[in-house]
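# Coordinate analysis (summary)
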Amino acid sequence: SQQGEEDPQALSIQEGENATMNCSYKTSINNLQWYRQNSGRGLVHLILIRSNEREKHSGRLRVTLDTSKKSSSLLITASRAADTASYFCATDRSGNTGKLIFGQGTTLQVKP
Amino acid sequence: NAGVTQTPKFQVLKTGQSMTLQCAQDMNHEYMSWYRQDPGMGLRLIHYSVGAGITDQGEVPNGYNVSRSTTEDFPLRLLSAAPSQTSVYFCASSSWADSNQPQHFGDGTRLSIL
């Protein structure tokens with residue numbers, strides 16, 4: 001069964017706007033990771049946030065984690081057309097196993 | 001840097017045929033995994049390995065076999081292909097050194113079973 005549920009399933013915004021995607025999960029985790037997938041390509045790692053962290057930044061990306069609510073959000077600021085892709089959250093429940101449980105993803109379209 | 005390399009990129013099989021999807025990584029990663037991606041389903045774990053000679057089942061292992069004879073290679077075998085195995089297959093690897101390491105993905109194998 002899927003661990004992560006992502007919301008919204010699809011998001012369409014104009015270039016320059018911010019995009020927020022949410023992820024909820026069911027069990028305790030070791031870390032939560034966000035990946036991007038361009039059409040027809042593999043997944044590219046964006047950010048990993050550990051269970052004892054609440055917020056993490058990388059360039060225009062900001063990830064928050066609320067373990068009490070079992071939820072995470074990914075914010076992309078000042079979006080660009082090149083950000084058009086699918087975004088997936090994935091949880092690692094026990095660490096050191098290579099077993100990630102993925103959400104169904106959010107498809108982001110950024111219009112120029 | 002090659003990273004994770006998957007071959008072939010595309011494959012069409014007939015029901016009942018067998019084949020092996022290849023995955024190789026050059027980062028000396030201990031962990032390797034196979035996922036399948038179906039429309040609207042995200043990625044689901046098929047099998048994984050924590051090192052040479054060690055494999056275990058993931059969420060959807062039925063119809064697939066794996067082996068890990070070397071650190072670099074982790075092939076996925078379809079024993080008798082079925083239309084339900086039509087999917088995009090991704091191989092991934094990650095390091096043991098830190099439990100909080102991201103996974104590195106290949107570009108996928110797009111498999112159609114007729």
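A quick note: this is a predicted structure, and the numbers were derived from the prediction, not measured.

## Observations regarding the pattern of salt bridges
Under the defined criterion, the tally for this structure stands at 6 salt bridges over all chains. The closest approach of N and O atoms between K56 of chain A and E53 of chain A, which form a salt bridge, is 3.8 Å. A residue is classified by how much of its surface remains accessible, and E53 of chain A, at 23% relative accessible area, is partly exposed. The residue R62 of chain A makes a salt bridge to E55 of chain A at a minimum N-O spacing of 3.2 Å. Accessibility expressed as a relative area gives 31% for R62 of chain A, which makes it partly exposed. Overlapping salt bridges, with partners in common, bring together R36, D38 and R44 of chain B in one network.

## Side note on the sheet that holds strand β1 (residues 5–7) of chain A
Strand pairs in the sheet, formed through backbone hydrogen bonds, run parallel or antiparallel to each other. Residues and elements named next belong to chain A. The strand order across the open sheet formed by 5 strands is β1-β3-β8-β7-β6, and the pairing between neighbours is antiparallel. The strands lining the two open edges of the sheet, one partner per strand, are β1 and β6 (55–58). Neighbour-to-neighbour, the strand axes of the sheet open up by a mean angle of 15 degrees, direction not taken into account. Judged from the 3 bridges that link them, β1 and strand β3 (residues 19–24) form a sheet pairing that is antiparallel. Considered in β3, the bridge of D7 is made with N22.

## Topic: the confidence of the model for chain A
Of all residues in chain A, 92% attain a pLDDT of 70 or more, and the chain-wide mean is 91. Averaged pLDDT values for the elements of chain A fall to 85 in β1 of chain A and rise to 98 in strand β7 (residues 61–66) of chain A.

## Section: the sheet that holds strand β8 (residues 76–78) of chain B
Residues and elements named next belong to chain B. Reading across from one edge, β1-β3-β8-β7 is the order of the 4 strands in this open sheet, with antiparallel pairing throughout. Either end of the sheet is taken by a strand with one partner, and the two such strands are β1 (4–7) and β7 (64–66). Across this sheet, the average inter-strand angle for adjacent strands is 20 degrees, counted without regard to direction. Where strand β3 (residues 19–25) lies against β8, 3 bridges are found, and the strand directions are antiparallel. Within β8, the residue paired with M19 across the bridge is L78.

## Points about the nonpolar core
The biggest cluster of nonpolar side chains holds 21 residues, and the ones touching the most others in it are M21, L32, W34, L74, I76, Y87 and L108 of chain A. Elements supplying a minimum of two residues to this core: β3, β4 (31–37), β5 (43–50), β7, β8 (71–76), β9 (85–92) and β11 (106–111) of chain A. Each residue touching I76 of chain A, except ones within four places of it in the same chain, is listed here: E17, N18, A19, M21, R60, L61, D83, Y87 and L108 of chain A. Formed by 19 residues, the second largest nonpolar core is a distinct cluster that contains C23, V60, L78 and A81 of chain B.

## A short note on the interface of chain A and chain B
The interface is formed by 25 residues belonging to chain A together with 26 residues belonging to chain B. Buried area between chain A and chain B, summed over both chains or domains, comes out near 2,100 Å², and the portion from carbon and sulfur atoms is 46%. Taken together, the connections running from chain A to chain B amount to 1 salt bridge. On inspection of chain A and its partner chain B, the count reaches 5 residue pairs in polar contact (both at pLDDT 80 or more). Breaking the side of chain A that touches chain B down by element, the ones donating at least two residues are β4, β5, β9 and β10 (100–102) of chain A. For the side of chain A that touches chain B, the per-class residue count stands at 6 nonpolar, 15 polar and 4 charged.

Cut-offs applied
- Residues numbered from 1 in each chain as written.
- Chains lettered and ligands numbered in written order.
- Predicted model: local features only at pLDDT ≥ 70, side-chain atom pairs only at ≥ 80, totals over all residues.
- Heavy atoms only, no water.
- Salt bridge = Lys/Arg side-chain N within 4 Å of Asp/Glu carboxyl O.
- Buried < 20%, exposed > 50% of the residue type's maximum accessible area, 1.4 Å probe, protein only.
- Pairing = 2+ DSSP bridges.
- Helix = DSSP H or I, 4+ residues; strand = E, 2+ residues; numbered from the N terminus.
- Axes fitted to C-alpha atoms, helices over the stretch in contact; angles between N-to-C directions.
- pLDDT = per-residue confidence, 0-100.
- Core = buried A, V, L, I, M, F, W, Y, C linked by side-chain atoms within 4.5 Å.
- Contact = heavy atoms within 4.5 Å.
- Buried area = accessible area lost by both parts, 1.4 Å probe.
- Polar contact = N/O pair within 3.5 Å; in protein donor to acceptor, adjacent residues only side chain to side chain.
- Nonpolar A, V, L, I, M, F, W, Y, C, P; charged D, E, K, R; others polar.

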